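A look at the structure
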Amino acid sequence: MSVLIFLKAAIHAGTPLLFATLGEVLTEKSGNLNLGVEGLMLLGAIGGFSAGMITQSTVVAILAALLAGALGGLIYAFLTVTLRANQVVTGLSLTIFGTGVAGFVGKLFMGRNLPENIKAVFGARPLPILSRIPVLGTIFFQHNVFIYGGYLIAIALGIYLYKSKPGLNLRTIGENPHAADASGINVNRYKYLHILAGSAISALGGAYLSLVYVPVWQENVTAGRGWIAVALVIFSMWNPYKAIAGAYLFGGLDIIGFRLQQINFPLSQYIIDMFPYIITIVVLVFSSIYKKRDHSPSALGVSFFREDR
Amino acid sequence: MRKLKIISVLVLSLLVLLTACSDQGSEPQGTTTKVGFIYVGMIGTEGFTYSHDQGRLYLEQELGVETMYQEAVDESAEVETVIANMVDQGCNVIFGTSYGFGKYMLNVADQYPDVKFLHCSGAQDAENMNTYFGRMYEPRFLSGLVAGLKTKTNKIGYVAAYEISEVIRGINAFTLGVQTVNPEAEVEVVWTHTWYDPATEKEAALALIDNNCDVIAQHQDTAAPQQAAEERGIAAVGYHSITEKNAPEAYMTAPIWNWNDYYKSEVEKVIAGTWTPENVWLGMNDGLVLLAPLTENAPDGAAEIVEEYQSKIIAGDFHVFSGVITKQDGTTIGEEGQALSDEEMLNMSYFIKGVNGKIETN
């Protein structure tokens, strides 16, 4: 029983990571490495929270979080796609920018509670039928709507990337933008659209923290989860389905220590704290040794110059 | 070539930042008193840094002195830069409110002989630097009384940051309070290894609640553990500041800081020219630490027993760590009729009986 409760809690803890990772997968598929996930999450957190406080509307809060993320993505896209600035530096600046904006706007809401009606929307809502499935029902289908949204976005993203024409085009751009360009794909438009969409999805991860998880405004709610998401993209090999497994695994690792400590499990909490990073390193090592297929988009991190062939 | 570009951009932006900083104040130091505060966290509306900032505002209001502060300062050589900047802007009293600042404050203390350095929770001093802290274990004990009366499952969860003696001392004092009113109850400790991370703190509290704890206490910087309690319909004890509005159905009370009087008296001494570095560890009788008023979530009878012990502590008739205390491993410490010395309390590195948890030693 306690294992079930733990697994259920792992889904909770992994959800902000899932959104952040999915967004980053989409962005990186377009060949742009965005290290600003942490900043995007914070933009989403403050965007959603402030809109929720002002309008008392859940829908507006979610839309505002998406919009805040997309605006952050727009800055990033303008710098890296149009101006072809260094992607690493731009991403890092975006993190600093997002942290600053969230801190500044957040001063208005510091320590204030989200309206009750929004909290109520994000209460647990077991799905009919599905939640009755033994074991799986308890773990996956007795959550709030935000978590179900995470499942849907992950699956939709997988279908989009691997089963649709635009998804194929996008992957082509990530692998070889010049070939894509030659075949008549508007590379920059694709990059813009997907960076914006990816950033908006990442921002939802932050919104989950401020709207559902800890619905009181607090400075820096993400506490480094954006960086874990960057590692998770590598862990999941740029695949949205694997991102689901990865995010919940990392979410579980985040919280398993608290439960092991209580049964006096003979493993140091400091070791447990290291697990996500160790696993990422191991995956990197293995994926490098057994290079069946290099999973990262080949043109990742390289600015696209149309004239430069 | 690209690397060069990156580096030059970084250097340039650093230069811009530095000039921006030094532009602000060219006022010569000297006659007027200006007080600088170095904070490890953001001020926010709760937590350790918030409590210090309340003290800073009190100084402005009561003494009319000018103050400045710097939030989110790293416990690194950054402290020295911040100090240089504060002195540059005319500060002649600097409060550093984190343990890890001590080393760096000490490094530069002799460079600024006219500046008084006051370091919170430290162990170092110098001719112009003292260290000060509060006996938080006293109100922690009182909060344990409340928790001990409240619990029905006789399991109380404690979300704790790091395995250092300050935290351990708090847990032990809390447990002594719990056992004073409820010898059956035990305190379950979970380490988070963070001072500030709302989501992680909440997760740790939820893990405790899933393990049948029905009161949550904390040595953390946010109200997230209390929100976990609120969500699950159980009770909570806060820390640092009053956070009733963040968990109205759960919050019972909190051991809190009140730096106002100490800060005022120290700065008054500086103004009068009578300040000397005096290391202090102030308790409830000095008003530096206290138990926040109980809310109606607190159990019946708690107010009376808290009042009883509170007046004994303030009068000096009761010491939290006195008599023979049994440690977790069965050995004992202390002697009948005697209290532990400050030295012994400051170096506490063991749990007492009644605490379920593990202190990892290197």
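Residues numbered from 1 in each chain as written. Chains lettered and ligands numbered in written order. Predicted model: local features only at pLDDT ≥ 70, side-chain atom pairs only at ≥ 80, totals over all residues.

Here we come to the overall build of chain B. In terms of regular secondary structure, chain B is built from 11 helices and 16 strands. The C-alpha atoms of chain B give 22 Å as radius of gyration, which agrees with the globular expectation for 362 residues (21 Å, within 12%). Each principal axis of the C-alpha atoms in chain B carries an extent, and together these give about 60 × 55 × 40 Å. Put simply, of all contacts in chain B between residues at least 6 apart along the chain, 64% involve residues at least 24 apart. (Helix = DSSP H or I, 4+ residues; strand = E, 2+ residues; numbered from the N terminus. Rg over C-alpha atoms; globule rule 2.2 N^0.38 Å. Contact = placed C-beta atoms within 7 Å.)

Time to look at the sheet that holds strand E2 (residues 66–70) of chain B. Residue and element names in this part refer to chain B. Within the open sheet, the six strands sit side by side as E2-E1-E3-E4-E5-E12. Their pairing is parallel. A single partner strand is all that each edge strand has here, and the edge strands are E2 and strand E12 (280–282). The sheet shows a mean angle of 20 degrees between the axes of neighbouring strands, taken without regard to direction. With four bridges joining them, strand E3 (residues 93–96) and strand E4 (residues 116–120) adopt parallel strand pairing. Bridged to Ile94 within E4 is Phe117. Taken strand by strand, helix H4 (residues 102–109) contacts E3, E4 and strand E5 (129–134), and its axis lies near 165 degrees from that of E4. (Pairing = 2+ DSSP bridges. Axes fitted to C-alpha atoms, helices over the stretch in contact; angles between N-to-C directions.)

Once that is clear, we can look at the confidence of the model for chain A. Detailed reading of the predicted model is not advised wherever pLDDT is low. Averaged over chain A, the pLDDT score is 92; the fraction of residues at 70 or greater is 98%. Per-element averaging of pLDDT across chain A places helix H13 (residues 269–289) of chain A at the bottom with 84 and helix H3 (residues 58–82) of chain A at the top with 97. (pLDDT = per-residue confidence, 0-100.)

This next bit is on the pairing of strand E6 (residues 155–160) of chain B. Consecutive side chains along a regular strand alternate between the two faces of the sheet. Residue and element names in this part refer to chain B. Across the six residues of E6, six count as buried, placing the element largely inside the fold. By the alternation rule, side chains of E6 split into Lys155, Gly157 and Val159 and Ile156, Tyr158 and Ala160, which are all buried. At this point the chain moves from E6, through helix H6 (residues 165–181), to the parallel strand E7 (residues 186–191), and the crossover so formed is right-handed. (Buried ≥ 20, exposed ≤ 12 C-beta atoms within 10 Å, placed from the backbone. Right-handed = clockwise from strand over helix to strand, strands pointing away.)

Okay, H13 of chain A next. The first and last C-alpha atoms of H13 of chain A sit 30 Å apart over 21 residues, in line with the 30 Å expected at 1.5 Å per residue. At Phe275 of chain A, H13 of chain A shows its largest kink, close to 45 degrees, and the proline Pro276 of chain A lies no more than four residues downstream. (Expected span 1.5 Å × (residues − 1). Bend = angle between axes of the 7 residues up to and from the residue.)

Residues and elements named next belong to chain B. Split by domain assignment, chain B resolves into domain 1 (31–134 + 259–286) and domain 2 (137–254 + 292–356). Summarising the inter-unit geometry, the C-alpha centres of domain 1 and domain 2 are found 28 Å apart. Taken together, the contacts link 10 residues of domain 1 with 13 residues of domain 2. Looking at which element gives the most residues to the side of domain 1 that touches domain 2, the answer is helix H2 (residues 47–63), with four residues. Residues belonging to the side of domain 1 that touches domain 2 are distributed by class as follows: four nonpolar, five polar and one charged. (Domains from an automatic or database assignment. Nonpolar A, V, L, I, M, F, W, Y, C, P; charged D, E, K, R; others polar.)

For the rest of this paragraph, the subject is the interface of chain B and chain A. Many analyses report the size of an interface as the accessible area lost when the parts associate. In this complex, chain B contributes 30 residues to the contact, which on the side of chain A involves 29 residues. A total of nine residues in the side of chain B that touches chain A trace back to one element, the largest contributor, which is helix H7 (residues 198–210) of chain B. Here the side of chain B that touches chain A is composed, by residue class, of 11 nonpolar, nine polar and 10 charged.

Residue and element names in this part refer to chain A. Following the sequence through the fold, Phe265 ends up in the loop between helix H12 (240–262) and H13. Taking the number of C-beta atoms within 10 Å as the measure of exposure, Phe265 has 14 and is therefore partly exposed. In the structure, Phe265 is positioned 188 residues away from Ala77 in sequence and 47 Å away in space, judged by C-alpha atoms.

Residues and elements named next belong to chain B. Of the residues making up H4, those classed as buried are Gly102, Tyr104, Met105 and Ala109. Projected onto a plane normal to the axis of H4, the buried residues spread over an arc of 170 degrees and lie on a single side. Contact partners of the buried residues in H4: helix H3 (78–88), E3, E4 and E5. (Arc of directions from axis to C-beta.)

The next thing to look at is the pairing of E7 of chain B. All names here are of chain B. Buried residues dominate E7, accounting for five of its six residues. Bridge count for E6 against E7 is six bridges, and the pairing is parallel. Considered in E7, the bridge of Tyr158 is made with Val189.

If you look at the biggest cluster of nonpolar residues, it comprises 189 residues, and the most contacted ones within it are Leu22, Ala203 and Leu232 of chain A together with Ile171, Val215, Ile216 and Ala236 of chain B. For this core, the element with the highest residue contribution is helix H10 (residues 187–213) of chain A, accounting for 15 residues. Residues lining this core come from more than one domain, with at least three contributed by each of domain 1 (31–134 + 259–286) and domain 2 (137–254 + 292–356) of chain B. (Core = buried A, V, L, I, M, F, W, Y, C linked by C-beta atoms within 7 Å.)

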